[in-house]
Amino acid sequence: MKKVLLIGVALLFCTLTAWAQNRVVTGIVISSEDMLPIPGASVIVKGTQIGTATDLDGAFTLNVPEGSNVLQVSFIGMTSREVTIGNRSKVDVTLDPDVETMEEVIVTGYGVQRKREVTGAVSSVKGELIENLPMQSFDRALQGRAAGVQVRSANGLPGGAVNIRIRGVGSVTAGNEPLFIVDGVQLNNTDNASFTQANPLAFLNNNDIESIEILKDAASAAIYGSQAANGVVIITTKKGKAGKAQFEFNAFVGETQPMRFLDVLSGPEWFNMRRQAHINSGMTIPEARSLNDMGALPANWQELSPEQLLQIGNELPTFDWQRELIGRGQLQNYELSVRGGDDRTTFALSGSYNYQESTFRPVDFERGTFRASIQHKANERLSLETNINLSTVQQQTPFAVDGAFLGNPAFSASAILPHNPIFNDDGSFNEVIGGVLGQNIALVNAFNTGLQRTNTVIGNIAANYKLADNITFRSFYSIDYRFLQGEQFRDPRTPDGAGVQGRASAQTDWRTRFLTTQTVNWNKTYNGVHNVSAQLGYEFVSETREGLSGEGIGFPTFQFRTIQSAATPEFVTSFWTGYRRQGSFVNARYNYREKYLFTATARFDGSSRFGANTQYGLFPSVQAGWNLDREGFLEGNERISALKLRASWGRAGNDQIGNFAARGLFGGAGNYSGQAGIRPTSLANLDLGWEINETVNLGIDYGFFGNRVTGSIDLFNQRTLDLLLNQPVLWTNGFGSIAGNVGELRNRGIEFEVSTVNVDRGNFSWRSSFNFTVIQNEIVRLFDDLQFLPSNPGIAVGQPVGNPAFPGAPAPGSFFVAEYIGVNPATGRPMWLDRFGNRTYLPIADDRVYLGSNLAPMFGGLNNTFTFKGFELTAFFTYEMGAVVTDGQYNFLRENGTRLTLNALRSVNDRAWTQPGDLTDIPRNITANGGQEVRSQGRNFGSATLLNADFIRLAQLTFAYNFKPSTLRGIGLTRARVFAQGVNLLTIADFPGYDPEFVGAGTGQLPLTRNVTLGVQIGF
Amino acid sequence: MKIRNWIYILSASVLLSGGLVSCSLDVDPRQSIDADIALDTQEGVNAAINSVYARLRAQANYGRDLLGVSDALADVGRTTNNSGRFIGENNNQPNAHFGHWANSYFAINEANILLDRIAAGNIQGANQGTLDRWEGELKFLRALYYFDLVKAYSYIPTAIHLPGVVDEGGIPMPLEGSITSDVAVNRLTPRSTIDENYDQIMSDLNDAIRLLTPGGRGVQFASGNAAQALLARVALYRGEYQTAVEAATGALAGPVGTVLNANNYAAGWRTAVHPESVFEVRFQLSEEALGVNVSKQSSFTVLLNLENKNAQGGWGDFIPQQKILDLFGLEQLFIGPDPDAEGALANNNNWDVTRNEDVRAFQYTTGNTVRNAGRQIESIKFLAKNDFPWVITRL
């Protein structure tokens, strides 16, 4: 279409100029941005009507009349140029991008703003920064990219959960999840998968993302009202561009690798450790007891001498269970996209395939996506657009996402006693496993199966109608549909399946979310200096979710693995839930010569989740900005090229509570003797209302030395008012607690972002960007003048609340435990400090002190990009500091095989107390009394297991080569790039477990992986 | 643009927004119903009474702790440390104790709500017989829960008179339901005296005896007979021995429960419903079981069944101590054909115990070595109870 049009225009020019020819000038118009030819650029002989448009290769031929010596070359989005022809017959013209019109545009609530006009705290991440990263969801890729945005992967499951917190943790019992919006579709990002983690955001191929904007202050977010208290993440996908269809093929392959193996004891080492523990406990025949603990005591042991038994122990074999169960996995990604269109219709289509194995076979992630984005101008007034994302994901599931399950390889691989052979001599699995685990996890892992499938449709359709030149009405409709289906089979050949002759489970879960937004925009400029605009809108959301699941036991053989073959149905169950929300909003902006900027918004929001008395809430905000660089005293200043002061105040709400939390209900529960039961499940709570995030934000945006140094600094004070806390109800009154809006929480912090062009000389450039965030999170007030919550004393006034592991989990609070001070050097018994600062073996509740939380108060990222000719090197670091965590996996191993017959870490065992005078933190090994000293707390009590989770990580290292466009043109390509990339290549941390980055208890979780890829991008 | 258009557009959009804002936000749950209407029908009340029974199944009540923790706190056994459970209780560590307070009061509150509702009358489809049965069953249940609480959280009445023991009072005893947030937040029920607690329990039981037929609805539900049996025990604790004798005599004469002779004693424990039971908490469906980690069977034995002792079963966390073994003459005994045969000693099916003439000795046998805890002598009382389908074993 475009082509026909161009040729037509060209012909038109040709006929106009046919009779005036004098000399012929040819040339090519190229863009200085990418050195690619520009088709459709206009080339006019100055002072005449003679002109032409460049063809598809950017070339033009023009008859220039005698006396004319200047060509005017122009193209939309580029600075027009005048070129003197002189006596040349071939004139190549390079156009520069027009900085003024191409000025960065930021997507804010229900619209876009030029960056210059933004007055809130908004971070922007360009899609190209996270391009081709082997990560299944974009939230994971946001780690370290923007100040104030803290991202932690929950584990190493491909497509697993990601914990994202914008400006700290603002709620204790309601959710802390930001609102994710993709092309105007507000997503529900709760997981709901039964058999693995299926991150809902993994529906989108990262390479389809144009940009990500993060609204951080309440004033910017207030237009989203009741859902915006935890910040808003707005994703804009790639849209069509008028012009020749541009194809891009993208592929990378590589592998996932374990970042670390834990250094555990060998067979003889464990035997000797255990033997010493028996001796310490005063046990007789320690050699025989140790061998018995390991299941390695010969039947004729009573005929053997202690020396002979010792020799048996010292000659025990060692098998590396970790390297048997943890290994390399492959990953691959292929995608094809095309963008194009004409001046009425533009489109972008893409399809992709992504496959990634975890380091724990057979856990993997396989996804296909399809995307279509179409914009059409029906006439001068009406335009239509639609974006449709389809995706299907299939994941092979782990035994369990986490937990100390005996059959969970992520738990047992490091904990199983090392002398147990994995295979028998004939290659079959060894089923006689000594030690408490008693299962061959390699067998369990090989025989069990599970699949989780996720089909997602996220689509929208919108119509824009120009009521007048400066008034636009937009009508927007969207669907967020997610269908989850899963199945799991516990094989009868495995211990957990043997007792029931196999167990099959299945899950289906549908979630449908409908949203419509109606907006009217108006703008006008008075006297050329007063720019006024306003927006009025209404929004309605309805979400329903329902599910069906069942389980059966008793299978004829292991080959029958689906429920229909089960002899006994164990259960079948279903659920339904839903909610509705509606709100109207208004937004008004004014600026004077783009110098002084003012914005006010208000949203009136109602949700079915809240009590009848508090169903509606008002969320106002005001913002102001001052572009100092537009003032006379700074205009044209070379050193200070941009300077803006911003201030904002606003309120946003948090509605992340249960759909029926405010209702007094009887629910189905308490079946008895084959008959159905019901019981009161919740108390009516008519006053249950929103949590309110009220933020004051002060910011500076700066640019120095012709914007070679740019960035921003923000200070914020974010208070959560009406904090929802569960007030205890006396159990004698039949309920445990009732939620009330009674507390206050505060997140105060500083965010710093800077981007610099360090060197830009000829062929070489070096660019850096760095961000740093420090947040102080603390409880300001609880109810009834309490200093801490009775149900969780970790939630205390003046202390941070910690980071909840997953949506729906309450904030864990600070660590409030007795302080561990190592072992008594004389006896090897563990000691703690009591409230008077004295050493004690039996600390009591009063001895507890606050020792920090798992929410890192400092974090950020550093990116460096070097380019030399076609070469490009990117090194991206992320870091976190100040978090205190416990790692359940390490805690089990830290017991050093004393409580349970589990393997131990060499680093722990080497530190164990052995003789008087040893100064150490690991107590002497004993076996009696569950490994616990008499009249003592356990060795993991109190702060003994608290770990420092600081880390600096080389999150991404990419080395790429871009081929020269001139070489490519010959083979019909517009772009070619090859790259090698490493993710998580290096981690600097002092952490004894698998990895300091995880969320949750840490027990039996798949650790994060290192990924190495090779890739190619081709444009044609 | 003309002012007129402007006004037109603005008012249209205000109408649009305003009109829609008045849309209904009512969304009703589909798997729950409002508390106001839940107990208006006979079916609703029946189902709600089932829930009061079902709470007896909780781990903190008869699911495990009232039997398992009682034993662990006493001196009858020791922990094996197989799964790490019961260690604190066995060591009598602070806070390692019963925890049935919350679940019991939740059950009592449900019973109180139901008794209030029954007293209010006008329940669709309920005749006087039904109303009486409901009231009787609920009063029996309330008495049982209060008795379990008062035993664990206050002194036994007959012990208060011992020198040095001071009556610290009984337990809080709300007798009205709490279903509104107002009552839930503001009602502060004080401790009653122990006497008041026992008076109320006995009064509830006497009402139950009066209202229920002796046989009731069967052994898994409250019956007049069961109320008499419980009354006998309550009276015994209180030291009212004459009442205890009368109530026990009444219970034994009733139709529920048959006392077994010595020959049938051990077999009685292997049946799904114990023939001697006058009231038995039912674990009927596999989903009601507490599973392989904390069920009674798993707590006391590692065996899955007696047919094959080599099969991996529970944890066997708590086993009898030497005094008990001596009491019943229990010692490990090889019963296989040839101890010298390959693997004969390792085969758990080749092992049992010696027993003296006490029939209770048949409640014990050897476990297995599957978890490498060594073969121990274990109690197999709960082996036949259907509370043991396999949830996934974990530490």
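Scoring rules and cut-offs
- Residues numbered from 1 in each chain as written.
- Chains lettered and ligands numbered in written order.
- Predicted model: local features only at pLDDT ≥ 70, side-chain atom pairs only at ≥ 80, totals over all residues.
- Heavy atoms only, no water.
- Helix = DSSP H or I, 4+ residues; strand = E, 2+ residues; numbered from the N terminus.
- Rg over C-alpha atoms; globule rule 2.2 N^0.38 Å.
- Buried < 20%, exposed > 50% of the residue type's maximum accessible area, 1.4 Å probe, protein only.
- Contact = heavy atoms within 4.5 Å.
- Areas by Shrake-Rupley, 256 points an atom, 1.4 Å probe, with all protein chains shown as cover.
- Lys, Arg positive; Asp, Glu negative; His and termini not counted.
- Charge placed at Lys NZ, Arg CZ, Asp CG, Glu CD.
- Axes fitted to C-alpha atoms, helices over the stretch in contact; angles between N-to-C directions.
- Parallel < 35°, antiparallel > 145°, perpendicular 65-115°, else oblique.
- Left-handed = near helix turned anticlockwise from the far one by under 90°.
- Nonpolar A, V, L, I, M, F, W, Y, C, P; charged D, E, K, R; others polar.
- Salt bridge = Lys/Arg side-chain N within 4 Å of Asp/Glu carboxyl O.
- Pairing = 2+ DSSP bridges.
- Core = buried A, V, L, I, M, F, W, Y, C linked by side-chain atoms within 4.5 Å.
- Domains from an automatic or database assignment.
- Buried area = accessible area lost by both parts, 1.4 Å probe.
- Polar contact = N/O pair within 3.5 Å; in protein donor to acceptor, adjacent residues only side chain to side chain.
- Patch = residues over 30% accessible without salt bridge, like charges linked within 9 Å, V, L, I, M, F, W, Y side chains within 5 Å.
- Phe/Tyr/Trp six-rings, centres within 6.5 Å; stacked < 30°, edge-to-face > 60°.
- Lys NZ or Arg CZ within 6 Å of the ring centre and 35° of its normal.

Overview of the overall build of chain B
Thinking step 1. Across its full length, chain B holds 17 helices and 7 strands.
Thinking step 2. Relative to a compact globule of 395 residues, whose C-alpha radius of gyration would be 21 Å, chain B shows 28 Å and is clearly more extended.
Thinking step 3. For chain B, the C-alpha atoms occupy an extent of roughly 110 × 60 × 45 Å along the three principal directions.
Thinking step 4. Burial status across chain B gives 51% buried among its 395 residues.
Thinking step 5. At a minimum sequence separation of 6, the contacts of chain B that also span at least 24 residues come to 66%.
Thinking step 6. With an accessible surface of roughly 17600 Å², chain B has 53% of that area assigned to carbon and sulfur atoms.
Thinking step 7. One way to put it: in chain B the 31 positive side-chain charges average out to a point 6 Å from where the 43 negative ones average out.

Regarding the packing of helix α7 (residues 101–120) of chain B against helix α8 (residues 128–153) of chain B
Residue and element names in this part refer to chain B.
Thinking step 1. Two elements in contact, α7 and α8, have axes whose closest approach is 9 Å; the angle formed by their N-to-C orientations is 155 degrees. One way to sum up the angle between α7 and α8 is to call them roughly antiparallel. The hand of the α7/α8 crossing is left-handed. Residues Trp 101, Ser 104, Tyr 105, Ala 107, Ile 108, Ala 111, Asn 112, Leu 114, Leu 115 and Ile 118 of α7 form the contact with α8, whose participating residues are Leu 131, Trp 134, Glu 135, Leu 138, Lys 139, Arg 142, Tyr 145, Tyr 146, Leu 149 and Tyr 153.
Thinking step 2. For the contact of α7 with α8, a count of residues per class yields 15 nonpolar, 2 polar and 3 charged.

Here we look at the pattern of salt bridges
Residues and elements named next belong to chain B.
Thinking step 1. Enumeration over the complete set of coordinates arrives at 67 salt bridges over all chains.
Thinking step 2. For Arg 217, the salt bridge identified is with Glu 137, shortest N-O distance 2.8 Å. Here Glu 137 lies in helix α8 and Arg 217 lies in the loop between α11 (194–211) and α12 (224–238), a separation of 80 residues in the sequence.
Thinking step 3. On the basis of relative accessible area, Glu 137 is assigned to the buried category, the value being 1%.
Thinking step 4. Between Lys 139 and Asp 207 there is a salt bridge, and its shortest N-O distance comes to 2.9 Å.

Some points on the sheet that holds strand β13 (residues 179–182) of chain A
Residue and element names in this part refer to chain A.
Thinking step 1. Overall, mixed pairing links the 5 strands, which are arranged β10-β15-β16-β13-β14 in an open sheet. Because the sheet does not close on itself, it has two edges, and the strands there are β10 (122–126) and β14 (185–186).
Thinking step 2. Two elements, β13 and strand β16 (residues 232–237), share 4 bridges in a ladder whose sense is parallel. Across the sheet, the residue bridging to Leu 179 is Val 232, located in β16.

Structural notes on the side chain of Thr 601 of chain A
Thinking step 1. Checked against the element boundaries, Thr 601 of chain A lands in strand β27 (residues 596–607).
Thinking step 2. A relative accessible area of 9% places Thr 601 of chain A in the buried class.

Some remarks on the nonpolar core
Thinking step 1. Membership of the largest hydrophobic core comes to 59 residues, with the highest contact counts inside it found for Phe 140 and Leu 205 of chain B.
Thinking step 2. Among the elements of the structure, α2 (35–38), α3 (42–54), α7, α8, α11, α12 and α13 (241–253) of chain B are those that each provide at least two residues to this core.
Thinking step 3. Per element, the largest residue contribution to this core is 12 residues, and it comes from α8 of chain B.
Thinking step 4. Excluding residues within four positions of it along the chain, Leu 205 of chain B makes contact with Phe 140, Ala 143, Ala 227, Leu 230, Leu 231 and Val 234 of chain B.
Thinking step 5. Listed in part, the 40 residues of the second largest apolar core include Leu 262, Ala 442, Leu 893 and Leu 900 of chain A.

Quick word on the domain arrangement of chain B
Residue and element names in this part refer to chain B.
Thinking step 1. Entries for chain B in the domain assignment read domain 1 (39–58 + 100–270) and domain 2 (290–379).
Thinking step 2. Look at where the C-alpha atoms of domain 1 and domain 2 centre, and you get two points 36 Å apart.
Thinking step 3. Taken together, the contact between domain 1 and domain 2 spans 7 residues of the former and 6 residues of the latter.
Thinking step 4. For the pairing of domain 1 and domain 2, the buried interface totals around 500 Å² over both sides, and the portion due to carbon and sulfur atoms is 64%.
Thinking step 5. In terms of surface lost to domain 2, no three residues of domain 1 exceed Tyr 265, Ala 266 and Arg 270, which account for 65% of the buried area on that side.
Thinking step 6. The tally of links between domain 1 and domain 2 comes to 0 salt bridges.

A closer look at the interface of chain A and chain B
Thinking step 1. Taken together, the contact pairs 88 residues of chain A with 83 residues of chain B.
Thinking step 2. Linking chain A with chain B are 3 salt bridges.
Thinking step 3. For Glu 110 of chain B, the salt bridge goes to Arg 679 of chain A, with nearest N and O atoms at 3.7 Å.
Thinking step 4. Linking chain A with chain B are 22 residue pairs in polar contact (both at pLDDT 80 or more).

Side note on a positive patch on the surface
Residue and element names in this part refer to chain A.
Thinking step 1. Positive charge collects at one region of the surface, where Arg 344, Lys 377, Arg 381 and Lys 466 lie side by side.
Thinking step 2. With respect to the helices, strands and loops of the structure, Lys 466 is situated in strand β22 (residues 449–468).
Thinking step 3. For Lys 466, a relative accessible area of 35% gives the class partly exposed.

Here we look at the packing of aromatic side chains
Both the distance between ring centres and the angle between the ring planes are used here to describe each pair of aromatic rings.
Thinking step 1. Under the criterion given, the structure shown has 45 aromatic pairs over all chains.
Thinking step 2. Residues Tyr 590 of chain A and Phe 598 of chain A carry aromatic rings whose centres are separated by 6.4 Å and whose planes lie at 20 degrees to one another, so their mutual orientation is stacked.
Thinking step 3. With a centroid separation of 4.2 Å and 20 degrees between ring planes, the pair formed by Phe 816 of chain A and Tyr 850 of chain A is classed as stacked. Highlighted residues: Phe 816 of chain A in strand β36 (residues 816–818) and Tyr 850 of chain A in strand β40 (residues 848–850), separated in sequence by 34 residues.
Thinking step 4. On the accessibility criterion, Phe 816 of chain A (15% relative accessible area) is buried.
Thinking step 5. The rings of Tyr 672 of chain A together with Tyr 53, Phe 140, Phe 221 and Phe 279 of chain B are connected pair by pair, giving a single aromatic cluster.
Thinking step 6. Sitting above the plane of the Phe 447 of chain A ring, Arg 493 of chain A keeps its charged end 3.7 Å from the centroid.
Thinking step 7. Positioned over the ring face of Phe 221 of chain B is Arg 217 of chain B, at 3.8 Å from the centre of the ring.

Digging into helix α5 (residues 65–73) of chain B
Thinking step 1. Of all the positions in α5 of chain B, only Asp 65, Leu 66, Gly 68, Val 69, Ala 72 and Leu 73 of chain B are classed as buried.
Thinking step 2. Check the buried side of α5 of chain B and you find it contacts α4 (59–63), α6 (87–90), α8, α16 (296–300) and β3 (318–320) of chain B.

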